[in-house]
Amino acid sequence: MEKEPEVSENTVKYSTTDVFHDLGLPDADELLTKSKLAIAIQSTIEARRLTQAQAAKLMGIDQPKVSKIIRGRLSDFSTERLLYYLVHLGLDIEIVIHKQVSDTKRDGTISVAYV
């Protein structure tokens, strides 16, 4: 009979690309979506070489809120609000809804791609 491997603090656990799902958080899809939108905001600010104050003015918020977004403190921001900020930073947003290919009764998924 094979012996089961011991599990310790140093055991490597393989992850998916969704850390929120891996942690078993109930709102994993929303957290991942908001995180990707925040990354797009940060990348846009960096690409345009804006200060946080300049970005805040464009986004219609104060600088501390920009700092919160960049640091990933997203609990005060809805997905809709983050999309609004991206639009005010000059990005185009496209939302595409796909029908499920199979007849399964599973919930749909949400994905964000920043291109």
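Residues numbered from 1 in each chain as written. Predicted model: local features only at pLDDT ≥ 70, side-chain atom pairs only at ≥ 80, totals over all residues. Heavy atoms only, no water.

J.: I would appreciate a short explanation of the overall build of the chain in the present structure.
T.: Looking only at helices and strands, the chain has five helices and zero strands in total. In the chain, the order of α-helices and β-strands from amino to carboxyl end is α-α-α-α-α. The 115 residues of the chain split such that 24% are buried. Counting contacts in the chain only where the partners sit at least 6 residues apart, residues at least 24 apart contribute 53% of the total. (Helix = DSSP H or I, 4+ residues; strand = E, 2+ residues; numbered from the N terminus. Buried < 20%, exposed > 50% of the residue type's maximum accessible area, 1.4 Å probe, protein only. Contact = heavy atoms within 4.5 Å.)

J.: Explanation requested: the pattern of salt bridges in the structure shown.
T.: Side-chain pairs of opposite charge can arise where the charged atoms are in close proximity. Considering all chains together, one arrives at one salt bridge under this definition. Residues Lys68 and Asp76 are paired through a salt bridge, measuring 2.6 Å at the closest nitrogen-oxygen approach. With relative accessibility at 30%, the residue Lys68 sits in the partly exposed group. (Salt bridge = Lys/Arg side-chain N within 4 Å of Asp/Glu carboxyl O.)

J.: How should the environment of Ile69 be read in this particular structure?
T.: Mapped onto the elements, Ile69 comes out in helix H4 (residues 63-70). Ile69 gets classed as buried once you look at its relative accessible area, which sits at 2%. Through-space distance from the C-alpha of Ile69 to that of Ser35 is 8.9 Å; in sequence the pair is 34 residues apart. Setting aside residues no more than four positions away along its own chain, Ile69 makes contact with Ala38, Ile41, Met59, Ile61, Leu74, Phe77, Leu82 and Tyr85.

J.: Got a minute to help me understand a nonpolar patch on the surface in this structure?
T.: A contiguous nonpolar surface patch, about 440 Å² in accessible area, is contributed by Val87, Ile93, Ile95 and Ile97. When you line up the elements, Ile97 lands in the segment after helix H5 (79-88). (Patch = residues over 30% accessible without salt bridge, like charges linked within 9 Å, V, L, I, M, F, W, Y side chains within 5 Å. Areas by Shrake-Rupley, 256 points an atom, 1.4 Å probe, with all protein chains shown as cover.)

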